[in-house]
Amino acid sequence: LIMKRRLKTIVTAVAHLIAILLISYRYYFFVSQTIYSESVSHLSEIFHQSNRSLHNFMEKNWGSLHMWADYLEDVPEEKEIKGFVEHAKKEIGFTDFYFVCGEGNYRTINGESGYLGLDDNVAGLILDSRDTVVNSVVPGKPQIMVFLTPATGTYQDFAYEAVAISFNNSDMIRALQ
């Protein structure tokens with residue numbers, strides 16, 4: 001009789017333990033799935049907001065560059081061009097403004113010149129009158145993101161085929177905020 005009671009108690013305890021383990025496993029699985037679903041939902045929303053911000057940022061830059069390209073064609077005075085670019089730089093927050101020829105050589109409003117490191121595909125896009133964005137490294141400066149739009153003219157005896165603005169990482173973050 002005592003043996004039957006013990007056996008019944010052990011069987012009951014084991015059954016309860018198995019039931020608790022099954023319920024715990026199901027609960028853990030349910031909680032894990034819920035947390036995963038919530039995380040995916042939050043990350044998707046963050047991605048969509050970031051994507052929208054980046055899209056708006058790019059559209060704003062293209063719009064500004066197109067407007068500036070048209071304006072620069074009609075402004076012969078170097079002093080006016082410098083003032084205009086400095087004002088735009090404060091307003092938009094870009095790092096530098098460039099006049100760029102098809103080969104990738106550039107001139108800034110301060111008279112600096114150099115090479116933006118554009119590949120042949122980008123040069124071809126400029127020649128095909130297409131807006132372009134590219135990562136570039138100017139010697140002695142950090143990596144930059146360059147937005148180029150076709151525009152023709154001459155600045156400080158430098159014939160250009162595009163105008164461009166660049167953002168280094170910190171300026172890009174400030175502009176996106």
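What counts as what
Residues numbered from 1 in each chain as written. Predicted model: local features only at pLDDT ≥ 70, side-chain atom pairs only at ≥ 80, totals over all residues. Heavy atoms only, no water. Core = buried A, V, L, I, M, F, W, Y, C linked by side-chain atoms within 4.5 Å. Buried < 20%, exposed > 50% of the residue type's maximum accessible area, 1.4 Å probe, protein only. Helix = DSSP H or I, 4+ residues; strand = E, 2+ residues; numbered from the N terminus. Contact = heavy atoms within 4.5 Å. Salt bridge = Lys/Arg side-chain N within 4 Å of Asp/Glu carboxyl O. pLDDT = per-residue confidence, 0-100. Pairing = 2+ DSSP bridges. Axes fitted to C-alpha atoms, helices over the stretch in contact; angles between N-to-C directions. Expected span 1.5 Å × (residues − 1). Lys, Arg positive; Asp, Glu negative; His and termini not counted. Polar contact = N/O pair within 3.5 Å; in protein donor to acceptor, adjacent residues only side chain to side chain.

A. View of the nonpolar core. Core analysis: the largest hydrophobic core is formed by 26 residues, its most contacted members being Trp68, Phe94, Phe97, Phe99 and Val163. Going through the elements one at a time, α1 (2-73), α2 (78-92), β1 (96-100), β5 (144-155) and β6 (158-168) are the ones with two or more residues in this core. The leading source of residues in this core is α1, at six residues. Leave out the neighbours within four places in its chain, and Val163 touches Leu65, Ala69, Leu72, Phe97, Tyr98, Phe99, Phe147, Leu148, Thr149 and Ala151.

B. Highlighting the pattern of salt bridges. For the structure shown, the criterion picks out one salt bridge. Of the charged contacts, one joins Arg52 and Glu45 as a salt bridge, the two residues approaching to 4.0 Å between their closest N and O atoms.

C. Structural context of the confidence of the model for the chain. Overall, the predicted model of the chain reaches an average pLDDT of 84, with 92% of residues at or above 70. Least confident of the elements in the chain is helix α3 (residues 120-127), whose mean pLDDT is 65; most confident is β1, at 90.

D. Up close: unusual backbone geometry. Positive phi values are uncommon outside glycine, yet Gln156 reaches one of about 50°. Secondary-structure assignment places Gln156 in the loop between β5 and β6. In this structure, Asp157 takes a positive phi of about 60° despite not being glycine. Positionally, Asp157 belongs in the loop between β5 and β6. Using a relative accessible area of 79% as the deciding quantity, one classes Asp157 as exposed.

E. Here's a closer look at the sheet that holds β1. Strand order in the open sheet formed by six strands is β3-β2-β1-β6-β5-β4, with antiparallel pairing between adjacent strands. Strands at the two margins of the open sheet, each flanked by one partner only, are β3 (113-115) and β4 (132-136). Averaged over all neighbouring strand pairs, the angle between strand axes comes to 40°, with direction disregarded. Note: β4 against β5, five bridges, orientation antiparallel. What sits directly across from Val134, in β5, is Val146.

F. Seen up close, α1. Between its terminal C-alpha atoms α1 stretches 105 Å, which fits the 106 Å expected from 72 residues at 1.5 Å a residue. Residues of α1 that are buried include every one of Phe57, Asn61, Trp62, Ser64, Leu65, Trp68, Ala69 and Leu72, and no others.

G. View of the side chain of Arg107. With respect to the secondary-structure elements, Arg107 resides in strand β2 (residues 105-107). This buried residue, Arg107, is left without a salt bridge; Asp157 holds the nearest opposite charge, at 6.6 Å. In this structure the side chain of Arg107 is engaged in a polar contact, spanning 2.6 Å, whose partner is the backbone oxygen of Gln156. Leave out the neighbours within four places in its chain, and Arg107 touches Phe97, Tyr98, Phe99, Glu112, Ser113, Tyr155, Gln156 and Phe158.

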